[in-house]
Amino acid sequence: MASNGLNSPPLPGRDGISPGPLSPTGPGGRASNPLSSKVTSVLSTSYADSEFRESLALLDERGISNTAEIRRQLRLDVQKEVIDSNGKIITEFGRVAEQLRRIGTTIEKLNKNYQDMRGHVTAAHHSTSSMLDEASSLMTQRRNIETKQQVLKAFREHFVLSDDEVASLTLMAEPVDDRFFTVLAKAKRIRKDCEFLLGFESQTLGLEVMDQTSKNLNQAFQKLYRWVQKEFKTLNLENPQINSSVRRAIRVLAERPSLFQNCLDFFAEAREQILSDAFYLALTGTAASGSKDHSIKPIELVAHDPLRYAGDMLAWTHSAAVSEREALEILFISDGNEIARGMQEGRENELWLLMADDTDGPPEFDAVKALNELVDRDVSGAARILRQRVEQVIQTNEETILAYKLANLLGFYRFTFSKLLGDESGLLQAMANLESEALRQFRSLMRDHITTLEGEFQHTPSDLGPPEFLQDALKQLTAIMRTYETSLASEGDREADFEPILAESFDPFMAGCENMSKTVPAPSTAIFLINCLLAAQSALAPFEAFTRARVANLRSAVEARSAELVESQYAFFRGESALEPLFAALAPLSDASPDDVAKVPSLDALRPEVLVRAGQGLDDFLPSAVMDAMENVKHLQDAALAREVTEEAAERFCVDFEHVEELLVAADEMAEEEEDGGRVGGEEERQSLRALFPRTTGEIRVLLS
């Protein structure tokens, strides 16, 4: 390198260490031109190679200079470093090999221990396999037993009553409380659910459970029945807070219709006795035991007043019935249709009732009807006492009006009790019988009264006015009608209902007046009857709501008798005016018929002397005609009717007179025509009929007005 004077950089070898300077010991061809070879080598080196750059960077880090010594030493240093690094690596790998040997030893030990344990386990498995199989079988049996225990527990809880529950259900020493009803409901549910058990192939269990449950239920209902009877003995219906357990027990007991009905019978008997004693106490102020109760004013203190006495007894009975019904509504039907549902369930459980229902049809439970029947039974004892007392009042009464007032009072309470207890109650029947008895007494007294008046039926009053017995009868009838007007009879039946009363208290007196009128001459007959009819009409008219037909009949009778009176007055006018022969002769003739008009002059009644005499008689009658006619009806108590009758008769008289006048005028006109025709030329001139009878219809009307 010194010989050629070039400082060429060392070329890196394949191991990354720069080789030394070119050796002259190379082949002969290459040594001949070392410079070109060097240049070629330098030029062929890629300085962009990363390894080359790294080599340069490494040399730069070492901080060495480019000297021949350093270049010779650099390769050795690098080789030494490589050798040292390799030694360290070998040392480290020796340690790793040692660790691997230890690990191998440990693994061998583990494999040996594993094999030993596996051998032990296999031996243990072979020795315990039978025990494991047995334990597995026992575990399976245990699970099955636990399942059966759960099923049995559930079955016992659902289908079996505990001893405490059975005791609460059947022992009389145990109270009837909420626990009793809870257990009873459970027992009923068990009996119903037994139907599912009977659906299995083996029915023994279901039959046994149902049999035992039915026995317990029967004993429970017997216990409940006896408990309810015991409670009924001390039950105070006047207490608004009736024991809720009693109400609940009654509803549950309805599931046994026979026991329920027995309880109702027992209750009705007890209440009947209680109410009978209470009614007796209210009547007398003395209890059934004989002790006096000074806080009560006895009803018997007003026995001297029959109407008030009967009214107080009826009012007490009504008040007791209303109170009883209100209390029993709370006791029996305040919770809707539970009793009806219970009785329907009971019929389904009692075979004999099912057999009866198959033949006759299931009777429908009507809570209101049953309540009415129970109330009626409760008050039946008091009703018997009431009937005896009221019958005594009716039979001892001798006053006609009072008898009817009693009948009306009984009719009022009959209507009231029909609304309260229905139409089939015994109390209502008792009221109807008492009302009929009171009406019979009324009719009997009325007939006796009429019998005593038969002597008065023979003599007509001199003034032709209503007889005294009729006036008394009408006063009595007015009092009766005022009483009836306040009754509760329906509007449609009031007139028909009152007709029998009129037949007894009115018709006999009117018939008596009719008979009396036969003993007097006309027109006194008509006047007397009209006076009687008008008095009766005045009495009945204010009560036309239920006497309408009778008032109409009376008006018709008055009109008929008035017509008779008109006829009498008309006859009076015709007779007293001396015109009767003239009216009778001319009545068949008509002024429109020439033949009839031609007959007029030849009639005897129209001869001149007769006609003149008739005119004089008429003139004498007319000045006082109306006064004389009114004198005939002076006893008619209705002055307006008397004037109306007279005016109608006078009008008829005027009509007849007008007919006579027309015929006379027609006859005169016909005679004048004949004279003008010369058919009577040789005879004396005939005097005019109008000249002989000059009065006109207008004059007559004025004088009779």
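The structure under discussion appears in the preceding block.
Residues numbered from 1 in each chain as written. Predicted model: local features only at pLDDT ≥ 70, side-chain atom pairs only at ≥ 80, totals over all residues. Heavy atoms only, no water.

1. Considerations on the overall build of the chain
For the chain, the count of helices and strands is 28 helices and 0 strands. Taken across its 705 residues, the chain has 36% of its residues classed as buried. A fraction of 73% describes how many contacts in the chain between residues 6 or more apart in sequence connect residues 24 or more apart. In the form shown here, the chain has an accessible surface area of approximately 40,900 Å², with 53% of it arising from carbon and sulfur atoms. (Helix = DSSP H or I, 4+ residues; strand = E, 2+ residues; numbered from the N terminus. Buried < 20%, exposed > 50% of the residue type's maximum accessible area, 1.4 Å probe, protein only. Contact = heavy atoms within 4.5 Å. Areas by Shrake-Rupley, 256 points an atom, 1.4 Å probe, with all protein chains shown as cover.)

2. Some words on the nonpolar core
Core analysis: the largest hydrophobic core is formed by 82 residues, its most contacted members being F498 and L704. Take this core: its biggest share by element is 13 residues, from helix α26 (residues 639-676). Not counting residues up to four positions away in its chain, the partners in contact with L704 are F573, L622, A625, V626, A650, F653 and C654. Core analysis: the next-biggest nonpolar cluster, separate from the first, contains 73 residues, L264, L374, Y413 and L427 among them. (Core = buried A, V, L, I, M, F, W, Y, C linked by side-chain atoms within 4.5 Å.)

3. Focus: a negative patch on the surface
Taken together, the side chains of D163, D164, E174 and D177 present a region of like negative charge at the surface. Following the sequence through the fold, D163 ends up in helix α5 (residues 163-170). Residue classification places D163 among the exposed positions, given a relative accessible area of 68%. (Patch = residues over 30% accessible without salt bridge, like charges linked within 9 Å, V, L, I, M, F, W, Y side chains within 5 Å. Salt bridge = Lys/Arg side-chain N within 4 Å of Asp/Glu carboxyl O. Lys, Arg positive; Asp, Glu negative; His and termini not counted. Charge placed at Lys NZ, Arg CZ, Asp CG, Glu CD.)

4. Re the packing of helix α6 (residues 178-197) against helix α8 (residues 244-253)
For the pair α6 and α8, interaxial distance at closest approach is 11 Å and the crossing angle is 20 degrees. Judged on the interaxial angle alone, α8 and α6 are roughly parallel. The way α6 lies across α8 gives a crossing that is left-handed. Between α6 and α8, the residues in contact are D178, F181 and L184 and S245, R248, A249 and V252, respectively. Across the contact of α6 with α8, the residue classes break down as 4 nonpolar, 1 polar and 2 charged. (Axes fitted to C-alpha atoms, helices over the stretch in contact; angles between N-to-C directions. Parallel < 35°, antiparallel > 145°, perpendicular 65-115°, else oblique. Left-handed = near helix turned anticlockwise from the far one by under 90°. Nonpolar A, V, L, I, M, F, W, Y, C, P; charged D, E, K, R; others polar.)

5. Focus on helix α9 (residues 257-284)
For α9, built from 28 residues, the straight-helix expectation of 40 Å at 1.5 Å per residue is met to within 8% by its first-to-last C-alpha distance of 40 Å. Where α9 ends, the next residue or the one after it, G285, has phi of about 75 degrees, a positive value. (Expected span 1.5 Å × (residues − 1).)

6. Side note on the pattern of salt bridges
One pass over the full model with this rule turns up 29 salt bridges. With a shortest N-O distance of 3.5 Å, K215 and D211 are connected by a salt bridge. With K215 and D211 both in helix α7 (residues 204-234), this residue pair falls 4 residues apart, about one helical turn. For K215, a relative accessible area of 44% translates into the label partly exposed. Exposure remark for D211: the relative accessible area of 41% places this residue in the partly exposed category. Residues E514 and R561 are paired through a salt bridge, measuring 2.8 Å at the closest nitrogen-oxygen approach. One end of the pair, E514, is in helix α19 (residues 507-517); the other, R561, is in helix α21 (residues 544-576), with 47 residues separating them in the sequence. The exposure class assigned to E514 is partly exposed, which follows from its relative accessible area of 33%. For R561, a relative accessible area of 18% puts it in the buried group.

7. Thoughts on the packing of helix α17 (residues 468-485) against α19
It is the contact of α17 with α19, at a shortest axis distance of 10 Å, that shows an interaxial angle of 165 degrees. Considering the angle they form, α17 stands roughly antiparallel to α19. Like other packed secondary-structure pairs, α17 and α19 cross with a definite hand, here left-handed. When α17 is examined against α19, the residues F469, L470 and A473 are found in contact with a partner set consisting of F509, M510, C513 and M516.

8. Things to note about unusual backbone geometry
Here the residue pair A522 and P523 is connected by a cis peptide bond, since its omega of 0 degrees sits within 30 degrees of zero. Assignment of secondary structure puts P523 in the loop between α19 and α20 (524-540). A positive phi is found at L464, a non-glycine position, where the angle reads about 60 degrees. Take L464: it is sitting in the loop between α16 (426-452) and α17. Although it is not a glycine, A578 sits at a positive phi angle of roughly 65 degrees.

9. A word on a nonpolar patch on the surface
A contiguous nonpolar patch, built from I89, F93, V96, L100, I103 and I107 and spanning about 570 Å² of accessible area, is present on the exposed surface. Following the sequence through the fold, V96 ends up in helix α4 (residues 68-159).

10. Quick look at the side chain of E435
Mapped onto the secondary structure, E435 falls in helix α16. With near-sequence residues (within four places) excluded, E435 lies in contact with A407, L410, G411 and R414.

11. Re α21
For the α-helix, the turn length of 3.6 residues means that residues three or four positions removed from each other point alike. Considering bend angle alone, the principal kink of α21 is centred on R550 and spans about 40 degrees. Backbone geometry just downstream of α21 places A578 in the positive-phi region, at approximately 65 degrees. (Bend = angle between axes of the 7 residues up to and from the residue.)

12. Details of the environment of L410
With respect to the helices, strands and loops of the structure, L410 is situated in helix α15 (residues 400-421). Of the residues examined, L410 reaches a relative accessible area of 2% and is grouped as buried. Between the alpha carbons of L410 and G311 there is a distance of 8.6 Å; along the sequence they are 99 residues apart. Ignoring sequence-local partners within four residues, the contact set of L410 consists of L314, V390, I394, M431, L434, E435 and A438.

13. A word on the state of the cysteines
Following the criterion strictly, the structure yields 0 disulfides and no others. C513 carries a free sulfur, and the closest cysteine sulfur to it, the one in C532, is 3.8 Å from it. The exposure class assigned to C513 is buried, which follows from its relative accessible area of 1%. (Disulfide = S-S within 2.5 Å.)

14. Focus on the side chain of D376
Turning to its location among the elements, D376 is positioned in helix α13 (residues 367-378). One buried charged side chain, D376, makes no salt bridge at all; its nearest oppositely charged neighbour is R377, positioned 7.7 Å away. With near-sequence residues (within four places) excluded, D376 lies in contact with L421, S425, G426 and L427.

15. Structural notes on the packing of aromatic side chains
A ring pair, where both rings are aromatic, is described by two values, the distance of the centres and the angle of the planes. Throughout the structure, instances matching the rule amount to 16 aromatic pairs. Between F180 and F181, the ring centres sit 5.4 Å apart and the planes meet at 80 degrees, which makes this aromatic pair edge-to-face. Each member of the pair, F180 as well as F181, is classed as buried. A ring pair is formed by Y484 and F546, whose centres lie 4.9 Å apart and whose planes are at 70 degrees; its orientation type is edge-to-face. Taken together, the residues span a long stretch of sequence, with Y484 in helix α17 and F546 in helix α21 at a distance of 62 residues. The buried category is assigned to Y484, whose relative accessible area is 6%. On the basis of relative accessibility, which here comes to 2%, the residue F546 falls in the buried class. An aromatic cluster is defined as three or more aromatic residues linked by ring pairs; in this entry it consists of F572, F573, F583, F621 and F653. Over the aromatic face of Y570 sits the side chain of R652, whose NZ or CZ is 4.1 Å from the ring centroid. (Phe/Tyr/Trp six-rings, centres within 6.5 Å; stacked < 30°, edge-to-face > 60°. Lys NZ or Arg CZ within 6 Å of the ring centre and 35° of its normal.)

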